[in-house]
Amino acid sequence: EKSQDCMYLQYCKVCQSYKAPRSHHCRKCNRCVMKMDHHCPWINNCCGYQNHASFTLFLLLAPLGCIHASFIFIMTMYTQLYNRISFGWSSVKIDMSAAKRDPRPIIPFGLSAFAASLFALGLALGTTIAVGMLFIIQMKVILTNKTSIESWIEEKAKDRIHYYQTGETFIFPYDMGSKWKNFKQVFTWSGIPEGDGLDWPVRDGCHQYSLTIEQLKQKADKRVRSVRYRAVEDYSGICCPVTKGVKTFFTTPCTEEPRIALSKGDLILATRGLKHWMYGEKILDSAADGGIRERGWFPRKCVEKCQYDSETDQPVDGEKKNR
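Residues numbered from 1 in each chain as written. Predicted model: local features only at pLDDT ≥ 70, side-chain atom pairs only at ≥ 80, totals over all residues. Heavy atoms only, no water.

Q: Would you mind going over the packing of aromatic side chains with me for this structure?
A: Geometrically, a pair of aromatic rings is defined through the distance of the ring centres and the angle of the planes. Per the stated rule, a full pass over the model turns up 11 aromatic pairs. Measuring from ring centre to ring centre gives 5.7 Å for W180 and F183, while their planes differ by 15 degrees; the resulting arrangement is stacked. Residue W180 and its partner F183 are both found in helix α5 (residues 179-184); the two are separated by three residues, about one turn of the helix. Residue class for W180 comes out exposed when judged on its relative accessible area of 54%. The class for F183 is partly exposed, based on a relative accessible area of 24%. Each member of the aromatic cluster is reached from another via a ring pair, and the members are W180, F183 and F187. Residue placement shows R259 over the ring face of W277; its charged tip is 5.7 Å from the ring centre. (Phe/Tyr/Trp six-rings, centres within 6.5 Å; stacked < 30°, edge-to-face > 60°. Helix = DSSP H or I, 4+ residues; strand = E, 2+ residues; numbered from the N terminus. Buried < 20%, exposed > 50% of the residue type's maximum accessible area, 1.4 Å probe, protein only. Lys NZ or Arg CZ within 6 Å of the ring centre and 35° of its normal.)

Q: Even after reading the chapter, I still don't get the side chain of E150, so can you show me in this structure?
A: As for its position among the elements, E150 is in helix α4 (residues 148-164). Using a relative accessible area of 0% as the deciding quantity, one classes E150 as buried. When residues no more than four places from it in sequence are discounted, the contact partners of E150 are R22, N145, F172 and L211. (Contact = heavy atoms within 4.5 Å.)

Q: Sorry if this is basic, but what is going on with the UniProt feature "transmembrane region" (unreviewed entry) in the protein chain here?
A: UniProt records the feature "transmembrane region" (unreviewed entry) at residues 57-78 and 106-137, using the numbering of this structure. For the annotated span residues 57-78, helix accounts for 100% and strand for 0% of the residues, and the straight-line distance between the end C-alpha atoms is 32 Å. (UniProt positions renumbered as here; feature names shortened; annotations may be inferred.)

Q: Help me out: how do you make sense of the state of the cysteines in this one?
A: Under the counting rule described, the total for this entry stands at zero disulfides. With no disulfide of its own, C29 has C46 as its nearest cysteine by sulfur position, at a separation of 3.6 Å. Residue C46 stays outside any disulfide, its sulfur separated by 3.3 Å from that of C26, the closest cysteine. Residue classification places C46 among the buried residues on the basis of a relative accessible area of 4%. (Disulfide = S-S within 2.5 Å.)

Q: Before we go on, may I ask you to explain unusual backbone geometry in this structure?
A: Leaving glycine aside, a negative phi is the common case for residues, and trans is the common case for peptide bonds. You will see that R22, though not glycine, has its phi angle at about 75 degrees, which is positive. Among the secondary structure elements, R22 is positioned in the loop between β2 (17-18) and β3 (24-26). Among the residues examined, R22 registers a relative accessible area of 1% and is labelled buried. For N145, which is not glycine, the phi dihedral falls at a positive 60 degrees. Tracing the chain through its elements places N145 in the loop between α3 (111-142) and α4.

Q: I'm lost on the pattern of salt bridges in this one. Help?
A: Two side chains carrying opposite charge are able to pair once their charged atoms lie near each other. For the structure shown, the criterion picks out nine salt bridges. As a salt-bridge pair, D221 and R225 come within 2.7 Å of each other at their nearest N and O atoms. Note on R225: relative accessible area 11%, which makes it buried. As a salt-bridge pair, E257 and R272 come within 2.6 Å of each other at their nearest N and O atoms. With a gap of 15 residues between them, E257 in the loop between α7 (246-250) and β10 (267-273) and R272 in strand β10 connect regions that are remote in the sequence. Like E257, the residue R272 is buried in the burial classification. (Salt bridge = Lys/Arg side-chain N within 4 Å of Asp/Glu carboxyl O.)

Q: How should I be thinking about the packing of α4 against helix α6 (residues 210-224) in this particular structure?
A: Each packed pair of helices is defined by two parameters, the angle between the axes and the distance between the axes. At a closest axis distance of 10 Å, the pairing of α4 and α6 adopts a crossing angle of 55 degrees. The angle between α4 and α6 falls in the class oblique. α4 and α6 meet at a crossing whose hand is left-handed. Along its contact with α4, which presents E150, I153, K156, A157, R160 and Y164, the element α6 presents L211, E214, Q215, K217, Q218 and D221. For the contact of α4 with α6, the residue count by class is four nonpolar, two polar and six charged. (Axes fitted to C-alpha atoms, helices over the stretch in contact; angles between N-to-C directions. Parallel < 35°, antiparallel > 145°, perpendicular 65-115°, else oblique. Left-handed = near helix turned anticlockwise from the far one by under 90°. Nonpolar A, V, L, I, M, F, W, Y, C, P; charged D, E, K, R; others polar.)

Now the structure itself:
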């Protein structure tokens, strides 16, 4: 509504519009998502403003259901082992009085059924631990009124301030200072989250666009510290390239971020890197400064640093955070 606010907002080249505060573009959904936390492949959707509460309840109820299933599996195996079981090679009869009292099981409990129950118990316990940990992580960010992405942005803000010694103090603007108030920003009795997903209540002394201003600073810093590389080998863009060495094959980044195909002579602006892999943007149109760029991982073996780097001479290994 206010054209002067555009200077504080990020522009999405894919959606061809400005991003609302706390919004991020999802490559999988191919759209900008309000208050995006992450893209979840298990629900085939993004966790964001509209469904943050529902997704968190899913993370709570799934472990509870698995605990219930684990109890059933344990009691089933205990009952059958205690009463009578024929595994084919011998019969175990511990207490025949219980067998006389109880009717015969509807489903014969043999060796295959015991193995299947034991396997299902392992899956149920594993899901309880894994999804339960995700629930704890989600509750931690909700009680501070953040998302997983915003926690990362806050961490990078501290690194940026420490790196340049600017003396700034970044205060996360959406933390209401009370865990209960932060909790109510996501969970409501009606199930509909507060607000419209565009305007958010902020702490005293903070600006409505404090977070987006910090993101713009981080993007500017990222461009300054990027290093220009030139491709010296072709790379098809597969996740685990066999022809680029054994170490490159086994150290492929465990992330949903894409890989980019390279042809000999391509220019890439690298922003971060691992020992055998690098992440950056391939410049498809170098005629203009704002040319189209394709981002992703590529093997370090396929590129070499340009002798005359117009961006910076600092090596990409100096990046403080490798995500």
